[in-house]
Amino acid sequence: MSRDKRLFHPSLRLSLVVAICTLLCLIILNWVFGSQNSALFYTAFNWRERVPAKDMVSSSDYFEEIWRKDSVFAGSAYGHESNYLASQNNDLYALVSFDPTQRESLFRLDMLSGEPIWQIPHEHMNARLGVTTLLLNSPHLYIGVRGGKAIDDSLIDAGRIVAITPDTGEFSWSRRIGGARGFSPINISDALIHVAGDFSSHYYVLDALSGEVVFKERKISEEIVGNGIPIVVEGNISYEELGCNFFRAINLELELTLWETALEGCMFQPVTVTDNNLFLLLGEISSRQLVAIDKENGNIAWKQSDVASNIALGDDSIIYFLTSDAELHAVDADSGELLDSIAFSGSGDERQANMLDYHTYPFSVTASENMVVVYFGDSAQLFAFSRINE
């Protein structure tokens, strides 16, 4: 038999067809579901251009810097709901990359030294389209994994909530949210996770321990009291968002509206809760605003404009955030009084040129014990500060 005829022998042609079909199926399955353990489809990644490194340009009577890290990258799937830092005790959890050619991994770091304790590589998070949300609430870390073009309530290529054990980095559970491409925002209260996925037709409540769906309702359902979306539930009181314009408190037992407050913008970060106030971060394309709402009566306790980061609550009822002019603020949670601030500036830059571009880059803050860690996505830097004992 000639060489050309052997190449087109029926058995060889069948084997070739099977091999091609198998490869195509692997590619399609990876595109839909991602690849959990193989780096085959996770190629080198190029981060967007960064601005010059920042440095402190003002001293602080409240904090001292204890370490900093340069070339720390985050935000490959950046959105306004994104958050890349969390902390408890002396542990720092960060969705970052220390390699400029690779996408972010999940790290547990020693908060006092900045040294890594464990790492979950990006490819092991099964996050083909990126991770945008990191939350910490006993007993788990929670990450929000972006989905693809999921339709209505479909689970195919839908975004996921993943629970991770903080001490070991082991995966606890994973739950796809039908139709979700992203999450803005995720809120946790009373051992329940409240999820309103982007493009999802339903609002979900998950058991924070097991990930099981406690219930789901269509976002326009009449069965939800007053058509509000519950954001925080404390006992019989449900604090609910009504579109982008109102926030209110409902007594679930009496089905009675306790108060209703008008908002100036959409909420895009998790609500921060203290004994007295609810802290909402509202945002439009042109501006962001922090609003403190009195839980008792719904009155606006105080406001702060031009907030560039998330809101971090310290263990001593002090909240921390970055402003758009590159200042870290420490504020009394009840009164809104500014306790201290640290100003940052890029090398050789004028202050006005150093405004934080939060439409393009992520900025995150976390606080625990007597420490605060700040991430600047534009200059790819982590700063850690310790509170000075008075």
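Residues numbered from 1 in each chain as written. Predicted model: local features only at pLDDT ≥ 70, side-chain atom pairs only at ≥ 80, totals over all residues. Heavy atoms only, no water.

### Here's the deal with the sheet that holds strand E29 (residues 371-376)
Quick note on the threshold: Being paired, for any two strands, means DSSP has found at least two bridges between them. Per the convention used, a helix needs a DSSP run of H or I reaching at least four residues, while a strand needs a run of E reaching at least two, with both numbered from the N terminus. Axis lines are fitted to C-alpha atoms, over the contacting stretch for helices. Their N-to-C directions set the angle, which ranges from 0 to 180 degrees.
Taking strand neighbours across the sheet as the criterion, the four strands line up as E2-E30-E29-E28 in an open arrangement whose pairing is antiparallel. Each end of this open sheet is capped by a strand with a single partner; those strands are strand E2 (63-70) and strand E28 (363-368). Adjacent strand axes in the sheet meet at a mean angle of 15° when their direction is disregarded.

### Focus on the side chain of Asp378
For the record, the criterion: Throughout, exposure labels follow a simple rule: accessible area from a 1.4 Å probe, protein chains only, divided by the maximum for the residue type, with under 20% read as buried, over 50% as exposed, and the rest as partly exposed. Polar contacts, as used here, are pairs of N or O atoms within 3.5 Å; protein pairs need one atom able to donate a hydrogen and one able to accept it. Residues neighboring in sequence count only if both atoms are side-chain atoms. Only heavy atoms matter for contacts: two residues are in contact if any of them lie within 4.5 Å across the pair.
Mapped onto the elements, Asp378 comes out in the loop between E29 and strand E30 (381-387). On the accessibility criterion, Asp378 (4% relative accessible area) is buried. Of note is the side chain of Asp378, whose polar atom sits 2.7 Å from the side chain of Lys54. Look past the residues within four positions of Asp378 in its chain and what remains in contact with it is Arg50, Val51, Lys54, Leu356, Tyr361 and Phe363.

### Overview of the environment of Ser335
Turning to its location among the elements, Ser335 is positioned in the loop between strand E26 (327-332) and strand E27 (338-346). Each C-alpha atom of the pair Ser335 and Ala301 lies 7.3 Å from the other, and the pair is 34 residues apart in sequence. Here the side chain of Ser335 touches Glu337 through a polar contact of 3.2 Å, landing on its backbone nitrogen.

### Examining the nonpolar core
We apply this condition: Note on terminology: a nonpolar core comprises buried Ala, Val, Leu, Ile, Met, Phe, Trp, Tyr and Cys residues joined through side-chain atoms within 4.5 Å.
Among the nonpolar cores identified, the biggest contains 31 residues, and Leu95, Leu106, Met125, Leu134 and Ile143 are the most heavily contacted of them. Looking at this core, the element that brings in the most residues is strand E4 (residues 91-96), giving five residues. For Leu134, the contacting residues outside a window of four places in its chain are Asn83, Tyr84, Leu85, Ala86, Tyr93, Ala94, Leu95, Leu106, Leu141, Tyr142 and Ile143. By size, the runner-up hydrophobic cluster in this structure holds 23 residues, among which are Tyr320, Ala326, Ala330 and Val372.

### Description of the pairing of strand E17 (residues 246-251)
Of all the six residues making up E17, five are buried; the element is thus mostly covered by neighbouring parts of the structure. Inspection of the sheet shows strand E16 (residues 237-242) paired to E17 by six bridges, in the antiparallel sense. In the sheet register, Glu240 faces E17, and the bridge partner there is Arg248. What sits between E16 and E17 in their antiparallel hairpin is a turn of three residues, with Gly243 showing a positive phi close to 60°. Across six bridges, the pairing between E17 and strand E18 (residues 256-262) is antiparallel.

### What to know about the pattern of salt bridges
Opposite charge on two side chains makes pairing possible when the charged atoms of those side chains draw close. Formally: Definition used for salt bridges: Asp or Glu carboxyl oxygen within 4 Å of a side-chain nitrogen of Lys or Arg.
By the definition in use, this model includes eight salt bridges. Measuring nitrogen to oxygen at the nearest pair gives 2.7 Å for the salt bridge that ties Arg68 to Glu65. Note on Arg68: relative accessible area 32%, which makes it partly exposed. Taking the shortest distance from any N to any O, the salt bridge between Arg175 and Glu212 comes out at 3.4 Å. Here the residue Arg175 occupies a position in strand E10 (residues 171-176), and Glu212 occupies one in the loop between strand E13 (202-207) and strand E14 (213-218), the gap between them amounting to 37 residues.

### A word on unusual backbone geometry
The backbone phi angle of Ser71 is positive, close to 55°, even though this residue is not glycine. Judged by relative accessible area, which is 41%, Ser71 ranks as partly exposed. Of note in this structure, Glu255 is not a glycine but carries a positive phi near 50°. Within the element layout of this structure, Glu255 appears in the loop between E17 and E18.

### Section: the confidence of the model for the protein chain
Let me state the cut-off plainly: What pLDDT reports is the predictor's confidence in each residue, on a scale of 0 through 100.
Taken as a whole, the protein chain shows an average pLDDT of 82; of its residues, 81% reach a score of 70 or greater. Within the model, the stretch residues 31-42 combines pLDDT values under 50 with 29 contacts to residues more than four positions away or in other chains. In the predicted structure, residues 221-226 sits below a pLDDT of 50 and forms twelve contacts with residues beyond four places in sequence or in another chain.

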